[in-house]
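Chain residues, written in single-letter form:
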Amino acid sequence: MKNQIPKYVTQARAAYLLGMPPAEISRISEAKGIGHYERAGNEEERFFTYEELQKICVLATCEGVAAH
């Protein structure tokens, strides 16, 4: 059996992978319309593709440069 790479990651996993606080990921994704929500009963979770993670990383880097 192959180890398959998931197509989507949760916001918590995205924060871990990018080394950013979840609140910052949430702020950028809300502002730019990146990511999508999945609902299971009363629970709702935001998911990202790896391409979207790259966009968030670039946006965070650009914002960090502009702030200095």
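Caption draft 1: Representation of helix α2 (residues 22–32) in the model. The complete set of buried residues in α2 reads I25, I28 and S29. Angularly, the buried residues of α2 cover 95° about the axis, an arc narrow enough to put them on a single face. Facing away from the buried side of α2 by over 90 degrees, the exposed positions are A23 and A31. Following α2 by one or two positions, G33 has its phi on the positive side, about 70°.

Caption draft 2: Structural detail: the nonpolar core. Residues V9, A14, A15, M20, I25, I28, I34, F48, L53 and I56 constitute the largest nonpolar core, which totals ten residues. Sorting the residues of this core by element identifies α1 (11–18), α2 and α3 (50–67) as the ones contributing at least two each. Residues within four places of F48 in sequence aside, it is in contact with K7, Y8, V9, T10, Q11, A14, I25, S29, I34, G35, L53 and I56.

Caption draft 3: Molecular detail of the side chain of S29. Counting through the fold element by element, S29 comes out in helix α2. For S29, the side chain forms a polar contact with the main-chain oxygen of S26, separated by 3.0 Å. Once residues within four sequence positions are removed from consideration, S29 is found in contact with I34, R46 and F48.

Caption draft 4: Seen up close, the packing of α1 against α2. Relative orientation of the contacting elements α1 and α2 amounts to 110°, with a least axis distance of 9 Å. Judged on the interaxial angle alone, α2 and α1 are roughly perpendicular. Across the interface between the two elements, Q11, A14, A15 and L18 from α1 touch P22, I25 and S26 from α2. Classifying every residue of the contact of α1 with α2 gives five nonpolar, two polar and no charged.

Caption draft 5: Examining the pattern of salt bridges more closely. Within the structure shown, the criterion is met by four salt bridges. The residue E44 makes a salt bridge to R39 at a minimum N-O spacing of 3.2 Å. By relative accessible area, which is 58% here, R39 ends up exposed.

Caption draft 6: Spatial organisation of the pairing of strand β2 (residues 36–40). Alignment of β2 against strand β3 (residues 43–49), held across five bridges, turns out to be antiparallel. Of the residues in β3, the one forming a bridge with A40 is E43. The turn linking β2 back onto β3 is made up of two residues, and G41 within it adopts a positive phi angle of 65°.

Analysis parameters
Residues numbered from 1 in each chain as written. Predicted model: local features only at pLDDT ≥ 70, side-chain atom pairs only at ≥ 80, totals over all residues. Heavy atoms only, no water. Buried < 20%, exposed > 50% of the residue type's maximum accessible area, 1.4 Å probe, protein only. Helix = DSSP H or I, 4+ residues; strand = E, 2+ residues; numbered from the N terminus. Arc of directions from axis to C-beta. Core = buried A, V, L, I, M, F, W, Y, C linked by side-chain atoms within 4.5 Å. Contact = heavy atoms within 4.5 Å. Polar contact = N/O pair within 3.5 Å; in protein donor to acceptor, adjacent residues only side chain to side chain. Axes fitted to C-alpha atoms, helices over the stretch in contact; angles between N-to-C directions. Parallel < 35°, antiparallel > 145°, perpendicular 65-115°, else oblique. Nonpolar A, V, L, I, M, F, W, Y, C, P; charged D, E, K, R; others polar. Salt bridge = Lys/Arg side-chain N within 4 Å of Asp/Glu carboxyl O. Pairing = 2+ DSSP bridges.

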